[in-house]
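# Coordinates in review
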Amino acid sequence: VRLHFYVSALPCGECTLVPLNSTAEGTLSRRADLGAPADGQEASLLEQPLMDCNRTGAKPSSGMPEDPKACGIGFHCRGILRYKSGRSDTRPESRSVSYSCSEKICRWNHTG
């Protein structure tokens, strides 16, 4: 067996934008508590199916379209370059340009 690369968690950026099937998965599980089901309800809100995707903190690079932040699966644009600032409280014009982990891994796989 030859191992090329191993990660134990999703890297930030494009790789994180995987589809989710319920609010109990991925970054959606960290949202505000939806509460327990009332007496007599058959299923919890956490078990209801939905069309959504995991979220990433990586921001679109300059010249790329902004994320629409729409509800559900349309929250992020796909297929764009993203960067991740070392500090999220930095003004956009002062942020360093360090591409997200997904972009770095992709580049490393293509160029070595």
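The sections below set out a description of the structure shown in this document. (Residues numbered from 1 in each chain as written. Predicted model: local features only at pLDDT ≥ 70, side-chain atom pairs only at ≥ 80, totals over all residues. Heavy atoms only, no water.)

### What to know about unusual backbone geometry
We note that Lys69 has phi near 55 degrees; this positive angle belongs to a residue other than glycine. Looking at where Lys69 falls in the secondary structure, it is placed in the loop between strand E3 (59–60) and strand E4 (82–83). Given a relative accessible area of 59%, Lys69 falls into the exposed group. (Helix = DSSP H or I, 4+ residues; strand = E, 2+ residues; numbered from the N terminus. Buried < 20%, exposed > 50% of the residue type's maximum accessible area, 1.4 Å probe, protein only.)

### Quick word on the side chain of Asp67
Summarising the element assignment, Asp67 is placed in the loop between E3 and E4. Accessibility expressed as a relative area gives 12% for Asp67, which makes it buried. Reaching out from Asp67, the side chain makes a polar contact with the backbone nitrogen of Cys77 at a distance of 2.8 Å. Reaching out from Asp67, the side chain makes a polar contact with the side chain of Arg82 at a distance of 2.8 Å. The contacts of Asp67, once residues within four sequence positions are left out, are Pro60, Phe75, His76, Cys77, Ile80 and Arg82. (Polar contact = N/O pair within 3.5 Å; in protein donor to acceptor, adjacent residues only side chain to side chain. Contact = heavy atoms within 4.5 Å.)

### Overview of the side chain of Asp52
Turning to its location among the elements, Asp52 is positioned in strand E2 (residues 52–53). We classify Asp52 as buried; its relative accessible area is 4%. For Asp52, the side chain forms a polar contact with the side chain of Arg55, separated by 2.8 Å.

### What to know about the environment of Gly74
The residue Gly74 is located in the loop between E3 and E4 in this model. The partly exposed category is assigned to Gly74, whose relative accessible area is 26%. Excluding residues that lie within four positions of it along the chain, Gly74 makes contacts with Pro68 and Lys69.

### Points about the packing of aromatic side chains
Summed over all chains, the structure comprises 0 aromatic pairs. The residue whose ring lies beneath Arg55 is Phe75, and the NZ or CZ to ring-centre distance is 4.1 Å. (Phe/Tyr/Trp six-rings, centres within 6.5 Å; stacked < 30°, edge-to-face > 60°. Lys NZ or Arg CZ within 6 Å of the ring centre and 35° of its normal.)

### A short note on the pattern of salt bridges
With the rule as written, the count across this model stands at 2 salt bridges. When the shortest N-O distance is used, the salt bridge between Arg82 and Asp67 registers 2.8 Å. Remark: Asp67 occurs in the loop between E3 and E4 and Arg82 occurs in strand E4; sequence separation between them is 15 residues. (Salt bridge = Lys/Arg side-chain N within 4 Å of Asp/Glu carboxyl O.)

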